[in-house]
Amino acid sequence: MAIPYSTSNAAGINLSATYTPTTTGYAQDVTGLAPPVPVGTIVDATDGSKWVMCLVGTGGITGLGFVVVVDEDFGCVMMSNSVGALGDAVGVAVATAAVGDYVWVQRFGTCDALQVLASANPNVPLASTVTAGALDDAVATPTKNITGVVLTTARAASQGNAPAYLNWPVVGTTN
């Protein structure tokens, strides 16, 4: 998957970078560079997608394409049935990260990798699951509907990533 680079107010940013705080309180990525912008900054990428800088919370992010809930302070945790309130922002992380790391989260545009459960179908409503970071098309109690995201291709017979389109997704009603 080719991760686009930022073209707007922070040209050249690597959107797949993970920034880890140092013991001095300044965040660094593996190359020793600090995060290029404060949390909450939204940037445009070369493919027209939009990304926001977030601080990773409880549980970290365990893989590419995992779905996260973003709070009003731009902290993020992996989505599940027990995480996220009505109206909370939802995005997709493209890097693994530990608690306290900083990552870019995609909120808008074509998404090459969205974590879903087995056999999830395109062009149908998606909802939370008991599997942290994964969505599914099986909408049942006590899942939470996710509005503003749709798969563009069906997922195979196993959990994994599928292409999707994001339109500023948010947590919707609980089933």
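Here's a quick rundown of the structure. This structure is a prediction, so every number in the text was calculated from the model and none was measured.

1. Some thoughts on the overall build of the protein
At step 1: Helix and strand counts for the protein come out as zero helices and eleven strands.
At step 2: Secondary structure elements of the protein, listed N to C terminal, follow the sequence β-β-β-β-β-β-β-β-β-β-β.
At step 3: Taking all 175 residues of the protein together, 47% fall into the buried category.
At step 4: Only carbon and sulfur atoms are counted for the fraction: they give 58% of the accessible area of the protein, which is about 7,600 Å².

2. Regarding unusual backbone geometry
At step 1: Backbone torsion omega between T141 and P142 reads 0°, so that peptide bond is classified as cis.
At step 2: Summarising the element assignment, P142 is placed in the loop between β9 (126–127) and β10 (144–151).
At step 3: Positive phi, normally seen in glycine, also occurs at F74, with a value near 65°.
At step 4: Along the chain, F74 falls in the loop between β5 (67–70) and β6 (75–78).
At step 5: For F74, a relative accessible area of 30% puts it in the partly exposed group.
At step 6: Positive phi outside glycine occurs at N123, with the angle close to 60°.
At step 7: With respect to the helices and strands, N123 occurs in the loop between β8 (102–116) and β9.

3. Digging into the pairing of β6
At step 1: Relative to β6, strand β4 (residues 50–56) runs parallel, the two being bridged by two bridges. In the sheet register, L55 faces β6, and the bridge partner there is G75.
At step 2: Judged from the three bridges that link them, β5 and β6 form a sheet pairing that is antiparallel. The residue of β6 that forms the bridge with V69 is V77.
At step 3: Hairpin connection, β5 to β6: the antiparallel pair is bridged by four residues, and F74 has positive phi, about 65°.

4. Here's the deal with the packing of aromatic side chains
At step 1: Under the defined criterion, the tally for this structure stands at two aromatic pairs.
At step 2: Both rings, one in F108 and one in Y165, keep their centres 5.8 Å apart while their planes meet at 75°; by these two values the pair is edge-to-face. Taken as a pair, F108 in strand β8 and Y165 in strand β11 (residues 160–174) lie far apart in primary sequence, 57 residues in all.
At step 3: Grouping aromatic residues by their ring pairs yields a cluster made of F108, Y165 and W168.

5. Considerations on the pattern of salt bridges
At step 1: Taken as a whole and judged by the stated rule, the model has one salt bridge.
At step 2: When the shortest N-O distance is used, the salt bridge between K50 and D44 registers 2.3 Å.
At step 3: Looking at K50, the relative accessible area reads 25%, which means it is partly exposed.

Conventions we followed
The numbering scheme is per chain: residues are counted from 1 as the chain's sequence reads. Only residues with pLDDT of at least 70 are given local features in this predicted model, and only at 80 or more are side-chain atom pairs given and counted; all residues enter the totals for whole chains, interfaces and linings. With hydrogens and water stripped out, all remaining heavy atoms of the structure feed into the side-chain values. Elements are defined by DSSP. Helices are runs of H or I of four residues or more, strands are runs of E of two residues or more, and each kind is numbered from the N terminus. Partly exposed describes any residue whose relative accessible area lies between the buried limit of under 20% and the exposed limit of over 50%, with all areas from a 1.4 Å probe on protein chains only and scaled to the type maximum. Here the Shrake-Rupley method, with its probe set to 1.4 Å, supplies the accessible areas, and only the displayed protein chains count as covering residues. Two strands qualify as a pair provided DSSP detects at least 2 bridges between them. Whether two aromatic rings pair depends on their centres lying within 6.5 Å, for rings of Phe, Tyr and Trp, where Trp uses its six-membered ring; planes under 30 degrees apart make the pair stacked, over 60 edge-to-face, and the rest tilted. By definition here, a salt bridge exists when the distance from a side-chain nitrogen of Lys or Arg to a carboxyl oxygen of Asp or Glu is within 4 Å.

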